[in-house]
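Working through the structure, step by step
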Amino acid sequence: MNDFDTQTGTDLAVAAHWLEAGACVAIPTETVYGLAANALDPGAVVRIFTVKNRPAFDPLIVHVPGIEAVERYATDFPAHLRALAERFWPGPLTLLLPRRAVIPDLVTSGLPRVALRAPAHPVARQLLSRLAFPLAAPSANPFGYISPTTARHVFDQLQGKIPYILDGGPCAIGVESTIVGFEAGQTTVYRLGGLAVEALEAVVGPVSIQLNQSSNPAAPGMLKTHYAPRKTLILGDIRANLARIGGKKAGILSFTPMPGLPPEWPQVALSATGNLAEAAQHLFAALRHLDQLDIDLILAETCPEEGLGRAINDRLRRAAAPDDE
Ligand code: TXA
Ligand code: MG
């Protein structure tokens, strides 16, 4: 499908023009690039599913300018979630709130809640402030693949399928937003992401974590195998796994630089200093890079299970999950 001569640029007027005409445009956010369309127009939203090859049972996040937009799209705003929005919006936090009928069924896959997020990226904010509608936007990658963190990543995969990529530079956070709702009297995290659980808990106290580990996405959350490179990824102790892979050629994805590895193993370290925010920022570009090399598999290790390390480890585990689960 090559419907468009895809342009990449920084022109907000061009992006707005295409969106107003019902087309999809890739936009930068501080987490990952999104594939945006008018969230209130089912005809525009359906194009997102076509371009991404995304199944219609996977609902979309609606991007709004700020907290004042919530009442237009949600019937209720539980106090804990309002407190989180007041503290962390604009930012890498998505809230699941009971939807109003103005949100098309296609956006929520018929689920009772709508996912709302006010992104912090200045280009996304400027774009949203000049549009008369919010933007439905999943990550701008083919369904199941690694999310894009640069305009170039988007171009490499969606070239010809969309008219315009709004370039806002590399994404500062690098993993998707943290998804939070309020269920049975508890603040509940459904997806670990760019806002650390510790930061949420500092505002609302202990949260419940309910990550969808099954391949049944009817519950909010995600498919188990997701964010995946095409190459096999083996997660665990890198040196022990290197000793086990026989004659295969492996690429190494380590948290910090690993000295003493044979130079024939291509190696990417996520952070020179062991900084988890830096590691998150580099994660998806590193996976893409290794996925393109002439190697048989990727050997990766987890990061410390704290702060953004939890989101990094979640993505690595999903990337490593066998395809048949
Ligand atoms: O950082 C992000 O969240 C990025 C940027 C572009 O904002 N977006 C993103 O969207 O990661 P996506 O489509 O790749 O992931 C959205 C996930 C869905 O897979 C689903 O798990 C959850 O959000 N979700 C969205 N709407 C929902 C709803 N109405 N009920 C339950 N879960 C929902
Ligand atoms: Mg995605």
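Reading the values: the criteria
Residues numbered from 1 in each chain as written. Chains lettered and ligands numbered in written order. Predicted model: local features only at pLDDT ≥ 70, side-chain atom pairs only at ≥ 80, totals over all residues. Heavy atoms only, no water. Helix = DSSP H or I, 4+ residues; strand = E, 2+ residues; numbered from the N terminus. Buried < 20%, exposed > 50% of the residue type's maximum accessible area, 1.4 Å probe, protein only. Contact = heavy atoms within 4.5 Å. Areas by Shrake-Rupley, 256 points an atom, 1.4 Å probe, with all protein chains shown as cover. Lys, Arg positive; Asp, Glu negative; His and termini not counted. Charge placed at Lys NZ, Arg CZ, Asp CG, Glu CD. pLDDT = per-residue confidence, 0-100. Core = buried A, V, L, I, M, F, W, Y, C linked by side-chain atoms within 4.5 Å. Phe/Tyr/Trp six-rings, centres within 6.5 Å; stacked < 30°, edge-to-face > 60°. Polar contact = N/O pair within 3.5 Å; in protein donor to acceptor, adjacent residues only side chain to side chain. Salt bridge = Lys/Arg side-chain N within 4 Å of Asp/Glu carboxyl O.

Scanning the protein from terminus to terminus reveals eleven helices and 15 strands. For the C-alpha atoms alone, the extent of the protein along its principal axes is close to 55 × 50 × 35 Å. With 325 residues in all, the protein has 54% of them scored as buried. In the protein, the share of contacts with a sequence separation of at least 24, taken over all contacts with a separation of at least 6, comes to 66%. Carbon and sulfur atoms make up 52% of the accessible area of the protein, which totals about 13,200 Å². If you average the places of the 27 positive and of the 31 negative side-chain charges in the protein, the two averages end up 2 Å apart.

As a further point, take the confidence of the model for the protein. Chain-level pLDDT for the protein is 94 on average; 94% of the residues reach the 70-or-more range. Predicted confidence is poor over residues 214-221, with pLDDT under 50, and the contacts of this stretch with residues over four places away or in other chains come to 16 contacts.

On the secondary structure map, P98 appears in strand 5 (residues 93-98). Given the relative accessible area of 26%, P98 is considered partly exposed. Along the backbone, P98 and Y73 are 25 residues apart, and their C-alpha atoms lie at a distance of 8.4 Å. Look past the residues within four positions of P98 in its chain and what remains in contact with it is Y73, A74, T75, D76, P112 and R113.

Residue P90 is bonded to the preceding W89 through a cis peptide linkage, with omega at -10°. Counting through the fold element by element, P90 comes out in the loop between helix 4 (79-88) and strand 5. For N53, which is not a glycine, the phi torsion comes out positive at approximately 65°. Tracing the chain through its elements places N53 in the loop between helix 2 (42-52) and strand 4 (61-63).

Counting 78 residues, the largest nonpolar core has W89, L93, L95, L116, I162, L253 and L283 as the members making the most contacts within it. Sorting elements by how many residues they give to this core places helix 10 (residues 276-292) first, with eight residues. L12, I27, F133 and Y164 belong to the second-largest nonpolar core, a separate cluster that totals 16 residues.

Moving on to the packing of aromatic side chains. On inspection of all chains with the given rule, the structure shows one aromatic pair. Between F4 and W18, the aromatic rings sit 5.9 Å apart at their centres with planes inclined by 85°, giving edge-to-face as the arrangement. Residue F4 is found in the segment before strand 1 (7-9), and its partner W18 is found in helix 1 (residues 12-20); the two are separated by 14 residues along the sequence. Take W18: its relative accessible area is 28%, and that puts it in the partly exposed class.

Moving on to the side chain of T188. Its location among the elements puts T188 in strand 10 (residues 186-191). On the basis of relative accessible area, T188 is assigned to the buried category, the value being 1%. Polar side-chain contacts of T188 include one of 3.0 Å to the backbone oxygen of Q186. Residue contacts for T188: discarding those within four places in its chain leaves I179, V180, G181, E183, S208 and Q210.

This next bit is on helix 2. Listed as buried for helix 2 are A44, V45, I48, F49, V51 and K52. On its buried face, helix 2 sits against strand 3 (34-38), helix 5 (105-108), strand 7 (135-136) and helix 7 (151-158). At the N-terminal end of helix 2, a side-chain oxygen is found 2.9 Å from the backbone nitrogen of G43, two or three residues along, and the residue is D41. Residue N53 follows helix 2 closely and has a positive phi angle near 65°.

Quick look at the pattern of salt bridges now. Applying the stated rule across the entire model yields ten salt bridges. Between R315 and D314 there is a salt bridge, with the nearest N and O atoms lying 2.7 Å from each other. Just as R315 is buried, D314 falls in that class too. Salt bridges sharing partners connect three or more residues here, namely E176, D314, R315 and R318.

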